[in-house]
Amino acid sequence: MSELSKLASFQARVDQLLTEKLNDLTINDPRLHDAMRYGLLIGGKRMRPYLAYVTGEALGAELNDIDAIACAIECIHAYSLLHDDLPAMDDDDLRRGKPTCHKAFDEATAILAGDALQSLAFDFLANHRFNNITAAKQIMLVKQLVDAAGYQGMCGGQALDLAATNKTISLTELEQLHLLKTGALLKASVIMAAECAPNVNTEEMKELAKYAELVGLAYQVRDDIIDIISSEEELGKPAGSDLAANKSTYPLLMGLDQAQQKAQQLYQQSLQALDTLPYNTQNLAEFATFIVHRTH
């Protein structure tokens, strides 16, 4: 199966699971349910679920066990975007070429939809029928998602991002911000999937974590680059939005050429981490390649 067909297959798989979960909910407030559906199924590349699936596949995990991880992480990601787009945060009107949730509905509904999607993530982990996961390992997966999504992960990074607005911060501070805001969920996609595999040892887990951190940083460096070089049609939102919001970015602090070199350096380092592993990691390598060459 080619990379594109595999990506499409896993996108369809996770979209079906997310749709089924939403359809199974008892409808109390139809507007809130519609906003949840809008925020979760509006589109997107499903990169985090794809990363979880190809990690699990490479390491010999059962895809049924990865389903809960892929869906949980995508719910967290979707909720973060709904809240990120709010006027109190990034104040964006477009997401993936469509009105943001608070524009399609209203601010209060968008906040509640984000809250509900966050809890839905833990519903996936707590109530999924795993095949090869013990109850103790299931609790560990919940803890790992807590760490990735909360103060020590994504939310902490978002706070640092807001605090850095209208300031020039150092490259070290920018890297730490993005290791939390963007990198934590990408790392969780790899590490949580690896927890479902039968024979991954401590050293292999360490190299997988290194790969995920490097890819997460490369993702953000490339994100900052395409915010400058891509069109609004490609991005699905206004180009140059980070600079317009007076945020520190890699091109701003390093220059565009140096930022592009930085992305390539992180990419090569991520491949070196994969080279240490006794598994077929071709799809993980191709994921890293996609990250540093994407245009939106």
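Refer to the structure printed above.
Before going into details, it helps to say that this report is about the structure given with it. Since the structure is predicted, the reported quantities are computational estimates derived from the model, not experimental observations.

**A few points about the side chain of H178**
In this fold, H178 is placed in helix α9 (residues 171–181). Setting aside chain neighbours within four positions, we find H178 in contact with G183, L217, Q220, D224 and Y250.

**Focus: the pattern of salt bridges**
Scanning the model with the defined rule gives 15 salt bridges in all. With a closest N to O distance of 3.4 Å, K21 and D123 form a salt bridge. Placement of K21 in helix α1 (residues 3–24) and of D123 in helix α6 (residues 107–127) is noted, with a sequence separation of 102 residues between them. Residue D123 is classed as partly exposed on the basis of its relative accessible area, which comes to 22%. Between D85 and R95 there is a salt bridge, with the nearest N and O atoms lying 2.7 Å from each other. Of this pair, D85 sits in the loop between α4 (63–84) and β1 (94–95) while R95 sits in strand β1, and the two are 10 residues apart along the sequence. On the basis of relative accessible area, D85 is assigned to the buried category, the value being 3%. Looking at R95, the relative accessible area reads 17%, which means it is buried. One connected set of salt bridges, linked through shared partners, spans D15, R46 and E74.

**A short note on the packing of helix α3 (residues 47–59) against α4**
When two helices pack together, their arrangement is given by the angle between their axes and by how far apart the axes lie. Orientation of α3 relative to α4, taken along the N-to-C sense of each, is 160°, at an axis distance of 8 Å. If you check the angle between α3 and α4, you find them roughly antiparallel. Crossing angle aside, the handedness with which α3 passes α4 is right-handed. Packed against α3, whose contacting residues are R48, P49, A52, Y53 and G56, the element α4 presents L63, I66, D67, I69, A70, I73, E74 and H77 at the interface. Looking at the contact of α3 with α4 residue by residue, the class counts come to eight nonpolar, two polar and three charged.

Criteria and cut-off values
- Per chain, residues are indexed from 1 in the order of the written sequence.
- Given that this is a predicted model, residues contribute local features only at a pLDDT of at least 70 and side-chain atom pairs are listed and counted only at 80 or more, while totals for whole chains, interfaces and linings are drawn from all residues.
- Excluded from the side-chain calculations are hydrogens and water; all other atoms, namely the structure's heavy atoms, are used.
- Here a helix means four or more residues in a row that DSSP labels H or I, a strand means two or more in a row labelled E, and each is numbered from the N terminus.
- Residue contacts are counted whenever heavy atoms from the two residues lie within 4.5 Å of one another.
- Counted as salt bridges are all cases of a side-chain nitrogen of Lys or Arg within 4 Å of a carboxyl oxygen of Asp or Glu.
- Think of it in three bands: residues with accessible area under 20% of the maximum for their type are buried, residues over 50% are exposed, and the middle band is partly exposed, with areas taken using a 1.4 Å probe on protein chains only.
- Axis definition: a line fitted to C-alpha atoms, limited for helices to the stretch in contact. Angles are taken between N-to-C directions and run from 0 to 180 degrees.
- Roughly parallel refers to an angle under 35 degrees, roughly antiparallel to one over 145, roughly perpendicular to one between 65 and 115, and oblique to any angle outside these ranges.
- In this scheme the handedness of a crossing depends on how the near helix is turned from the far one: anticlockwise by less than a right angle means left-handed, clockwise means right-handed.
- As a working rule, the residues Ala, Val, Leu, Ile, Met, Phe, Trp, Tyr, Cys and Pro are called nonpolar, Asp, Glu, Lys and Arg charged, and the rest polar, with Gly in that last group.

No statement about biological role is implied by the geometric values presented.
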